[in-house]
Amino acid sequence: MTQDAIFSPFFATVFLTLIVWVYMYIRRISFITSRKLSQKELAVPGTLAQISPPNVSNPSDNLKNLFEIPIIFYALILYLFITNQVDAVYVNAAWVFVVFRALHSAVHCTFNLIILRFYLYLFSTLAVWFIALRAALIHFGT
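Residues numbered from 1 in each chain as written. Predicted model: local features only at pLDDT ≥ 70, side-chain atom pairs only at ≥ 80, totals over all residues. Heavy atoms only, no water.

A. Representation of the pattern of salt bridges. The full count for this structure, using the stated rule, is 2 salt bridges. Of the charged contacts in the structure, one is a salt bridge between Asp61 and Lys64, with a shortest N-O distance of 3.9 Å. One end of the pair, Asp61, and the other, Lys64, are both in helix H4 (residues 54-65), 3 residues apart, so they sit about a helical turn from each other. Residue Arg134 is joined to Asp87 by a salt bridge in which the shortest nitrogen-to-oxygen separation is 2.7 Å. Of this pair, Arg134 sits in helix H7 (residues 114-139) while Asp87 sits in the loop between helix H5 (69-82) and helix H6 (88-109), placing them 47 residues apart in sequence. Under the relative-accessibility criterion, Arg134 is labelled partly exposed at 22%. Owing to a relative accessible area of 23%, Asp87 belongs among the partly exposed residues under this scheme. (Salt bridge = Lys/Arg side-chain N within 4 Å of Asp/Glu carboxyl O. Helix = DSSP H or I, 4+ residues; strand = E, 2+ residues; numbered from the N terminus. Buried < 20%, exposed > 50% of the residue type's maximum accessible area, 1.4 Å probe, protein only.)

What follows is the structure, given as structure tokens:
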């Protein structure tokens, strides 16, 4: 396995963030234009968040989520690459993270079934913690 194999799930997560960002703006712009909201109305901090229905606010909330645990994921990927530790176990765990994270985003941005979203988030995050724990154990020689 080549070391750069780890960058496929890395960039998949980056592009997931891009897709959610575009979707968020599509939902927001549609809402703003349909309600004919003025710039003055939108200039007050928090106004859009207060008046937005879930189909507008959920993609925004999901985008914020993509700057939480995924940041640890990115750091771990870079660490593994720099230290030349990439193997099939890490690459597969990274893909588990990406798949469950993408499913989490799809649920959050659409029908938002909370319990399903919770489990998707849990499994994606467990993949990151697995990568972190394994890397730390190897790093510290245990």
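Still more to cover.
B. Examining the environment of Phe130 more closely. With respect to the helices and strands, the residue Phe130 is situated in helix H7. For Phe130, a relative accessible area of 39% puts it in the partly exposed group. Separated by 105 residues in the primary sequence, Phe130 and Tyr25 place their C-alpha atoms 33 Å from one another. Ignoring anything within four residues of it in the chain, the contact list for Phe130 reads Val89 and Ala93. (Contact = heavy atoms within 4.5 Å.)

The quantities given are spatial measurements derived from coordinates; they are silent on function.
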